[in-house]
Amino acid sequence: MCWSATADLVAGSAIAAVGVACVARAARTRPRALPLAALPLLLGAHQIIEAVIWNDSGGRGPAVVAWAVIALPLLPLWVPAGVLCAVWPRARRRLALPLACGVVTSAALAYVLATKTATATVRGHTMAYEIGLPHAGWLIAGYLVATIGSLLLSGEAGLVLLGGLVTVAAAGCAALWRWEFISTWCACAALSSVALYVWVRRSAPAPVDS
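Note that the coordinates shown come from a computational prediction; the quantities given were computed from them, not determined experimentally.

As a further point, take the pairing of strand β2 (residues 126-130). Of all five residues making up β2, four are buried, and the element is well covered by its neighbours. Note: strand β1 (residues 119-123) against β2, five bridges, orientation antiparallel. Its bridge partner being in β2, V122 is matched across the sheet by M127. Between β1 and β2, which pair antiparallel one after the other, the connecting turn spans two residues, and G124 there sits at a positive phi close to 65 degrees.

Spelled out as structure tokens, the structure:
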């Protein structure tokens, strides 16, 4: 699809609606999965925020800051923490590395956002975000280990599938776009997060600590 205000608004609203369904289902069957089940709701809101940025023709406004906060420091902490809460106790030890990467990466990105200005620029049918990340390679690696790594190491088929989808999306967006990678990958990740609804519907009752 071509990204635009309309596309982001429609996609974001649909994904957020799926998130509401995920949260409602998880609340009944697997309460510990609520943070992870809320991920489509968060990513749907993220796309709606980007629709506002499109209408503002990019720039440096509050919507750009809100978008960057979700995309940069929030997600690499939210995803591994949500997976850790959701999975069975026997799987939690192997999630220590993704969670540690998420904490460090999130702290570093929060510092960058606090000291630099995020800027959005319209590039054709995509949106490019610039913030001037120091040590970008390390931060991206930590981000991917935290988000994709936690899903792939979760031990649950539905979450591993989501991790695979997001991995393919990351590879595709990196090959097709450079400056617009973060925007296009976030959009693909939001669409892929719909798979969480299937996982929530099929998942077993809430795990208990051993």
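Next, the rest of the story.
Let us now look at the packing of aromatic side chains. Under the criterion given, the structure shown has one aromatic pair. Ring plane angle 5 degrees and centroid distance 3.8 Å describe the contact between W67 and Y129, whose orientation is recorded as stacked. Placement of the pair is W67 in helix α4 (residues 62-86) and Y129 in strand β2, with a sequence separation of 62 residues. One exposure class covers both W67 and Y129, and it is buried.

Mapping S150 onto the fold places it in helix α6 (residues 136-152). Within the local environment of S150, its side chain forms a polar contact with the backbone oxygen of T147, the two atoms lying 2.9 Å apart. Ignoring anything within four residues of it in the chain, the contact list for S150 reads V79, P80, V83, L95, P98 and V145.

As a further point, take the pattern of salt bridges. Following the criterion strictly, the structure yields two salt bridges and no others. With a closest N to O distance of 2.6 Å, E156 and R30 form a salt bridge. A residue pair is termed long-range when its members are at least 10 positions apart, and E156 in the loop between α6 and α7 (157-176) and R30 in the loop between α1 (5-29) and α2 (34-37) qualify at 126 residues. For the pair shown, E156 and R30 are each scored as buried. In this structure, R123 and E130 form a salt bridge, with 3.2 Å as the shortest nitrogen-oxygen distance.

Another point: the packing of α4 against helix α5 (residues 96-115). Geometrically, a packed helix pair is captured by the angle between its two axes and the distance between the axes. Between α4 and α5, the least distance of the axes is 9 Å, while the angle of their chain directions is 165 degrees. In terms of orientation, α4 and α5 fall into the roughly antiparallel class. Once α4 is placed against α5, the crossing between them reads as left-handed. Two secondary-structure elements touch here, α4 through A68, V69, L72, P73, P76, L77, P80, A81 and L84 and α5 through P98, L99, G102, V103, T105, S106, L109, A110 and L113. In terms of residue class, the contact of α4 with α5 is made up of 15 nonpolar, three polar and no charged.

Parameters at a glance
- Residues numbered from 1 in each chain as written.
- Predicted model: local features only at pLDDT ≥ 70, side-chain atom pairs only at ≥ 80, totals over all residues.
- Heavy atoms only, no water.
- Buried < 20%, exposed > 50% of the residue type's maximum accessible area, 1.4 Å probe, protein only.
- Helix = DSSP H or I, 4+ residues; strand = E, 2+ residues; numbered from the N terminus.
- Pairing = 2+ DSSP bridges.
- Phe/Tyr/Trp six-rings, centres within 6.5 Å; stacked < 30°, edge-to-face > 60°.
- Polar contact = N/O pair within 3.5 Å; in protein donor to acceptor, adjacent residues only side chain to side chain.
- Contact = heavy atoms within 4.5 Å.
- Salt bridge = Lys/Arg side-chain N within 4 Å of Asp/Glu carboxyl O.
- Axes fitted to C-alpha atoms, helices over the stretch in contact; angles between N-to-C directions.
- Parallel < 35°, antiparallel > 145°, perpendicular 65-115°, else oblique.
- Left-handed = near helix turned anticlockwise from the far one by under 90°.
- Nonpolar A, V, L, I, M, F, W, Y, C, P; charged D, E, K, R; others polar.

Keep in mind that these numbers describe shape and distance, not what the molecule does.
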